[in-house]
Amino acid sequence: MSLFRTHGWRLLLVASGVLLAAGGPMHPAADGSDTLRQELATMTADEQWVPGHTLVAVSTVLLALGLWAAVRSRAWPASIQRTLTIVAVIVSIYVIETLFHLAAVVDSEELAHGHAAPVAMTHIGLATVLYPVTGWAIVLLAWSFGRVWTGWRRGIALVGVVAGLAHAFSVPLTILFPRAELSPVFAVAGIALALFSLATGLAGAPGRRTASVPEPALVG
């Protein structure tokens with residue numbers, strides 16, 4: 001039990017990364033040739049929508065749990081604790097968006113026929129706000145990790161920064177340029193976030209430095 005309390009956060013992040021890596025590529029592609037509503041109708045009608053977004057939603061839940069477990073474990077330096085807590089809160093709220101994202105499938109027919117689609121529109125509304133907020137939170141977390149990691153682990157932080165930036169700009173760019181082909185931005189965000197979660201779990205927190213005790217000087 002004490003082992004899981006100490007390193008459980010790492011297992012949760014690894015599991016989150018694996019599930020996101022599996023579910024992300026299942027997302028139906030959008031070519032940007034239609035309006036946002038039409039594109040969403042096409043994608044939610046795809047048979048891959050439910051299994052792919054189920055994996056993504058579970059992955060996000062595990063990421064939130066992993067961050068909270070990391071806060072509890074106090075494995076990271078005190079300077080990281082506040083950042084971890086803030087990001088854990090934001091990712092926990094972002095879980096709500098992933099659930100509406102998954103549930104948007106119930107409005108597939110309504111989207112296709114121009115009827116009211118409250119669940120799908122709620123997903124769009126939440127995504128417009130929470131994607132940028134969550135993305136910048138990931139950037140903040142990765143930057144904080146990079147400040148205390150050394151050596152090759154700083155490369156993991158760089159991947160996290162890329163993941164956060166891609167995540168932050170993906171939905172706003174889609175809203176601003178609905179007919180642009182932006183699937184690669186979402187793909188980069190998903191792959192990079194999966195790698196960041198997986199690699200962070202495997203690498204762990206930096207080892208605690210123990211102060212060296214000076215040897216007593218010989219007298220005489």
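What you see is a predicted model; the values in this text were computed from it and never measured.

Relative orientation and spacing of two packed helices are given, respectively, by the angle between their axes and the distance between those axes. Where helix 6 (residues 118-148) meets helix 8 (residues 183-203), the closest approach of the two axes is 13 Å, and the angle between their N-to-C directions is 40 degrees. Taken together, the axes of helix 6 and helix 8 are oblique relative to one another. Crossing of helix 6 over helix 8 shows left-handed handedness. For the pair formed by helix 6 and helix 8, the contact residues are Tyr131, Ile138, Leu141, Ala142 and Phe145 on the first element and Phe186, Leu193, Phe196 and Thr200 on the second. Among the residues forming the contact of helix 6 with helix 8, the class breakdown is eight nonpolar, one polar and no charged.

Next up on the list: the environment of glycine 8. By the secondary structure assignment, glycine 8 is in helix 1 (residues 2-23). Under the relative-accessibility criterion, glycine 8 is labelled buried at 1%. A C-alpha to C-alpha distance of 22 Å links glycine 8 and leucine 140, two positions 132 residues apart in sequence.

Let's shift gears to helix 8. Across its 21 residues, helix 8 extends 30 Å between first and last C-alpha, which sits within 8% of the 30 Å expected from 1.5 Å per residue. Residues of helix 8 that are buried include every one of Ala189, Ala192, Leu193, Ala194, Phe196, Ser197, Thr200, Gly201 and Ala203, and no others. Backbone geometry just after helix 8 places glycine 204 at a positive phi near 75 degrees.

Here we take up the environment of alanine 103. The residue alanine 103 is located in helix 4 (residues 78-103) in this model. Judged by relative accessible area, which is 27%, alanine 103 ranks as partly exposed. Sequence-wise, alanine 103 and histidine 123 are 20 residues apart; in three dimensions their C-alpha atoms are separated by 8.4 Å.

Turning next to the packing of aromatic side chains. Centre distance and the angle of the planes are the two values used to describe a pair of aromatic rings. What the rule picks out here adds up to eight aromatic pairs. Site record: aromatic cluster; members linked through ring pairs are Trp9, Trp76, Phe145, Trp149 and Phe196.

A cluster of nonpolar side chains, namely Trp68, Val89, Ile93 and Ile96, defines an oily patch on the protein surface of about 330 Å² accessible area. With three residues, the single largest contributor to the nonpolar patch is helix 4. In this structure valine 89 comes out as partly exposed when scored by relative accessible area, which is 37%.

Below, the discussion takes up empty space enclosed by the protein. Tallying each qualifying case throughout the model produces one cavity of 30 Å³ or more. Counted as a void, the largest cavity has a volume near 60 Å³. Considering the residues around the largest cavity, the lining is formed by Leu13, Leu63, Leu67, Ile138, Leu141, Phe145, Phe196, Ser197 and Thr200. Elements that contribute at least two residues to the lining of the largest cavity include exactly helix 3 (49-73), helix 6 and helix 8. Class assignment of the residues belonging to the lining of the largest cavity gives a composition of seven nonpolar, two polar and no charged.

General note: in soluble globular proteins, nonpolar side chains tend to be found buried as a group. In terms of nonpolar packing, the biggest core is built from 33 residues, with Leu67, Trp76, Leu84, Leu141, Phe145, Trp149 and Phe196 touching the most fellow members. For this core, the secondary structure elements donating two or more residues are helix 1, helix 3, helix 4, helix 6, helix 7 (153-176) and helix 8. If you tally residues by element for this core, the top one is helix 4, at seven residues. With residues near it in sequence (within four places) discarded, tryptophan 76 still touches Trp9, Ala70, Gln81, Leu84, Phe145, Val148, Trp149, Thr200, Gly204, Ala205 and Pro206. Within the second largest apolar cluster, nine residues are counted, among which are Leu40, Ala41, Met43 and Trp49.

Moving on, we get to the packing of helix 4 against helix 6. Running from N to C, helix 4 and helix 6 point in directions that differ by 155 degrees, and their axes come no closer than 8 Å. Classified by the angle their axes make, helix 4 and helix 6 are roughly antiparallel. Relative to helix 6, helix 4 is oriented so that their crossing is left-handed. Of the residues in the contact of helix 4 with helix 6, the class split is 21 nonpolar, seven polar and one charged.

Each value, and the rule that gives it
Residues numbered from 1 in each chain as written. Predicted model: local features only at pLDDT ≥ 70, side-chain atom pairs only at ≥ 80, totals over all residues. Heavy atoms only, no water. Axes fitted to C-alpha atoms, helices over the stretch in contact; angles between N-to-C directions. Helix = DSSP H or I, 4+ residues; strand = E, 2+ residues; numbered from the N terminus. Parallel < 35°, antiparallel > 145°, perpendicular 65-115°, else oblique. Left-handed = near helix turned anticlockwise from the far one by under 90°. Contact = heavy atoms within 4.5 Å. Nonpolar A, V, L, I, M, F, W, Y, C, P; charged D, E, K, R; others polar. Buried < 20%, exposed > 50% of the residue type's maximum accessible area, 1.4 Å probe, protein only. Expected span 1.5 Å × (residues − 1). Phe/Tyr/Trp six-rings, centres within 6.5 Å; stacked < 30°, edge-to-face > 60°. Patch = residues over 30% accessible without salt bridge, like charges linked within 9 Å, V, L, I, M, F, W, Y side chains within 5 Å. Areas by Shrake-Rupley, 256 points an atom, 1.4 Å probe, with all protein chains shown as cover. Salt bridge = Lys/Arg side-chain N within 4 Å of Asp/Glu carboxyl O. 1 Å grid on protein atoms, 1.4 Å probe; cavity = no way out; pocket = protein on both sides within 12 Å on 5 of 7 lines; lining within 4 Å. Points joined across faces, edges and corners; volume = space filled by probe spheres on them. Core = buried A, V, L, I, M, F, W, Y, C linked by side-chain atoms within 4.5 Å.

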